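# Structure at a glance
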Amino acid sequence: MSNRKLISVVTPCFNEEENVQDCYEAIKSLFETKLKDYDYEHIFCDNASVDKTVEELERIAAQDSRVKVIVNANNFGFLRSMFNGVISSGGDAVIPMMPADLQDPPELIPTFIEYWEKGYKVVYGQRDKRDESFLIENARKLYYKFVNRFSKAKIPLDAGEFQLIDRKVVEALKLFDDYEPYLRGLIAQCGFKSIGVKYFMKAREKGEAKGRLGLLFDLALNGIVSSTTVPIRVGLIFGFLMSLLSLGYAAFLVVLFFVNGRSHVNPGMASLMIGLFLLSGIQLFFIALVGEYVASIHNQVRKGPLVVEDRRINF
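Quick summary incoming for the structure in this document. Since the model is a prediction, treat every value here as computed from it, not as a measurement. (Residues numbered from 1 in each chain as written. Predicted model: local features only at pLDDT ≥ 70, side-chain atom pairs only at ≥ 80, totals over all residues. Heavy atoms only, no water.)

### Comments concerning the side chain of Gln-163
Applicable threshold: Only DSSP runs of H or I covering at least 4 residues are called helices, and only runs of E covering at least 2 are called strands; the numbering of each starts at the N terminus. Contact between two residues is taken to exist if any of their heavy atoms lie within 4.5 Å; hydrogens are not considered.
Structurally, the position occupied by Gln-163 is in strand β6 (residues 159–166). Excluding its chain neighbours within four sequence positions, the residues that come into contact with Gln-163 are Val-94, Ile-95, Pro-96, Phe-112, Val-122, Val-123, Tyr-124, Gly-125, Arg-184 and Ile-187.

Written as structure tokens, this is what we have:
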């Protein structure tokens, strides 16, 4: 048996027919040059693509047994598909997310492995800068700071799923029973010795971006719900303070009535309506927020499968 260490690279994909070949070639070239002392497996997790992605992956896998393919029977979402690929891997170390569009640079993997060999169990990429609009970039930063500030486990700022994790971490991840696994958060909860490597995240060159506003919003909510209960606590405190203010204002009006008489109390219909709409809006916001947690509990309790696979290739 070979004593060479095995590195697993996981690539979730959906409608990436223009990119899977380039991604395969980039990883293959890397292990034939800078990482020639390591063995590797490249696991593509297709999320029921409707273009020719599966046909491309079948062709590549037929030529190279190191390429393994999981074809899902339906689109189960990026997070679940990726997590299924990670727990299906057999490497001594795993790259949980190597995007098919190569926005995260595969050239960073040798650096990840170098730190891993020094004893780090988690080596995460930190997106120092992104090739995207000023508004989106800063919205991301604010979101990551919020999650990191209030999360029970400290998730590194600007870190995504593009990282290297040791086999011990993978085995620890298998202990989690999470219907919508927020992988970067779960890795942070596991602990272990970790270090970050900064890099520039470039823009997609081929194909259509999958990270649209609706998906990003859904992922952001999942990250918050999975990591912290602080928003509910904020709603509780805010509601308590508003109740105190309301009681205080009512007491003030009573005192004003007895001191100056009813005629000096401003009816204040406009301010009453403004206050009514403001409080109603705040109530609806926090009810919806609680609803997100209830929906998350609902999905978890129903115990559906992580994914349903149509077939596997080269496993």
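### A short note on the state of the cysteines
Using the following cut-off: In this description, a disulfide is simply a cysteine sulfur pair whose atoms lie within 2.5 Å. Using a 1.4 Å probe on the protein chains alone, a residue whose accessible area is under 20% of its type maximum counts as buried, one over 50% counts as exposed, and one in between counts as partly exposed.
Tallied over the full model, the rule gives zero disulfides. Left unpaired, Cys-23 is separated from the closest cysteine sulfur, that of Cys-13, by 8.4 Å. Overall, the relative accessible area of 0% leaves Cys-23 in the buried class.

### Some words on helix α2 (residues 53–63)
Defined as follows: The directions from the helix axis to the C-beta atoms form the arc being described.
Looking only at α2, the buried set comprises Thr-53, Val-54, Leu-57, Ile-60 and Ala-61. Buried residues in α2, looked at end-on, bunch into an arc of 125°, giving them a common side. Opposite the buried face of α2, at more than 90 degrees from it, the exposed residues are Ala-62 and Gln-63. Here the buried face of α2 lies against β1 (6–13), α1 (20–32), β2 (39–46), β3 (67–72) and β8 (309–313).

### Re helix α4 (residues 109–117)
All of the buried residues along α4 are Ile-109, Pro-110, Phe-112, Ile-113 and Trp-116. Take α4 and look down its axis: the buried residues cluster within an arc of 155°, on one side only. Count one or two residues on from α4 and you reach Gly-119, which has phi positive near 115°.

### Digging into the packing of α1 against α2
The condition is simple: Where helices are involved, their axes are fitted lines through C-alpha atoms of the stretch in contact, as for all axes, and angles between N-to-C directions lie from 0 to 180°.
Packing of α1 against α2 leaves a shortest axis separation of 10 Å and a crossing angle of 30°. Contact residues: α1 offers Val-20, Gln-21 and Tyr-24, while α2 offers Thr-53, Glu-56, Leu-57, Arg-59 and Ile-60.

### Section: the pairing of β1
Side-chain positions along a regular strand alternate between the two faces of the sheet. To be explicit about the condition: Strand pairing follows a simple DSSP-based rule, namely that at least 2 bridges must link the two strands. By convention a crossover is right-handed if, when the strands point away from the viewer, the path from the first strand over the helix to the second runs clockwise.
Taking burial as the measure, the eight residues of β1 include seven buried ones, the bulk of the element. Note that β1 and β2 share eight bridges and pair parallel. Of the residues in β2, the one forming a bridge with Ser-8 is Glu-41. Taken together, β1, α1 and β2 form a β-α-β motif whose crossover is right-handed. Sheet analysis places β1 next to strand β4 (residues 93–95), joined by three bridges and oriented parallel. When the bridges of β4 are listed, Val-9 appears paired with Ile-95.

### Here's the deal with the packing of aromatic side chains
Put simply, the rule is: A pair of Phe, Tyr and Trp rings is counted when the ring centres sit within 6.5 Å of each other, with Trp represented by its six-membered ring. The angle between the planes then sorts it: under 30 degrees is stacked, over 60 is edge-to-face, the rest tilted. Charges are assigned to positions over rings by a cutoff of 6 Å between ring centre and Lys NZ or Arg CZ, combined with an angular limit of 35 degrees from the ring normal.
Under the criterion given, the structure shown has four aromatic pairs. With a centroid separation of 4.5 Å and an interplanar angle of 20°, the aromatic rings of Phe-31 and Tyr-40 are classed as stacked. For Phe-31, a relative accessible area of 4% puts it in the buried group. The buried category is assigned to Tyr-40, whose relative accessible area is 5%. With a centroid separation of 5.9 Å and an interplanar angle of 80°, the aromatic rings of Tyr-115 and Tyr-120 are classed as edge-to-face. Exposure remark for Tyr-115: the relative accessible area of 24% places this residue in the partly exposed category. Grouping aromatic residues by their ring pairs yields a cluster made of Phe-112, Phe-162 and Tyr-199. Looking at Lys-68, its charged tip hangs above the ring of Phe-315, at a distance of 5.4 Å from the centre. Taking NZ or CZ as reference, Lys-193 lies 4.6 Å from the ring centre of Tyr-120, over its face.

### Quick notes on the pattern of salt bridges
Side chains carrying opposite charge are able to pair once their charged atoms draw close together. To keep it simple, the criterion reads: A pair is scored as a salt bridge if a Lys or Arg side-chain nitrogen falls within 4 Å of a carboxyl oxygen belonging to Asp or Glu.
Under the definition given, this model contains 13 salt bridges. For the salt bridge of Arg-66 with Asp-64, the shortest nitrogen-to-oxygen distance reads 3.1 Å. The residue Asp-310 makes a salt bridge to Arg-311 at a minimum N-O spacing of 2.6 Å. Taking the relative accessible area as the measure of exposure, Asp-310 reaches 47% and is therefore partly exposed. With relative accessibility at 32%, the residue Arg-311 sits in the partly exposed group. If you follow the salt bridges from partner to partner, you end up with Glu-58, Asp-310 and Arg-311 in one network.

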